[in-house]
Amino acid sequence: MTVTPVTRTARIGLAAVLIGGLLGPAGGCARGCTETALQVWPVQVQRLDAPLTVNARLGAAGEPLSGVTVKLAVTVVGPDHAAGEALFHATTDADGLATVTRPEGVAGLSAAGQRVTGYAAHFQPLNKVDGTAYCWSGASAPISCPGDGGPGQCPAGRDGAAPDG
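The text that follows walks through the structure, step by step, so that each part is easy to find. These numbers come from a predicted model, not from an experiment. (Residues numbered from 1 in each chain as written. Predicted model: local features only at pLDDT ≥ 70, side-chain atom pairs only at ≥ 80, totals over all residues. Heavy atoms only, no water.)

Re the environment of V45
Then, in step 1: Here V45 lies in the loop between β2 (43–44) and β3 (52–60).
Then, in step 2: Once the C-alpha coordinates of V45 and V106 are considered, the two residues, 61 residues apart in sequence, prove to be 8.1 Å apart.
Then, in step 3: Setting aside anything within four residues of it in sequence, one finds V45 in contact with L52, V106, I143, S144, C145 and P146. (Helix = DSSP H or I, 4+ residues; strand = E, 2+ residues; numbered from the N terminus. Contact = heavy atoms within 4.5 Å.)

This is the structure in structure tokens:
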């Protein structure tokens, strides 16, 4: 089958619309929803095997948004620069704070030879919350380790073994 330039252009345009609809904007509001904002903070790890805590504060209209699920994703990068995520979910408290603590720390989040570079928080509501449609939002921050030369260089993995699941 031969694809004409007009058909190819139409397909590319349709694909862009479909992908844009699935991914949504990097933040902000779509038509018909209330804007939300996530706040995250850089994390300084003191020891690779110390518990790692990441958190995010979610708000809407200047007020905390409580009782909703936020996805927290710790970014792990391998020696080939391929990135992956260790995904966790937390429910916001009365102050809009979602917190995840991983007892295994940075060292237990991935296999040896990888490094933890940061984390991201995402609020992606699919349904109304208490009758209100909220927009999705996201934010990210670096994770750094002592003596590592800066954010994003936390070595991960224990004794060359993959972490327990």
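Looking at the pattern of salt bridges
A side chain with one charge may pair with a side chain of the opposite charge, provided their charged atoms come close.
Then, in step 1: Following the criterion strictly, the structure yields two salt bridges and no others.
Then, in step 2: Taking the shortest distance from any N to any O, the salt bridge between D49 and R47 comes out at 2.9 Å.
Then, in step 3: Looking at D49, the relative accessible area reads 40%, which means it is partly exposed.
Then, in step 4: For R102, the salt bridge goes to E104, with nearest N and O atoms at 3.1 Å. (Salt bridge = Lys/Arg side-chain N within 4 Å of Asp/Glu carboxyl O. Buried < 20%, exposed > 50% of the residue type's maximum accessible area, 1.4 Å probe, protein only.)

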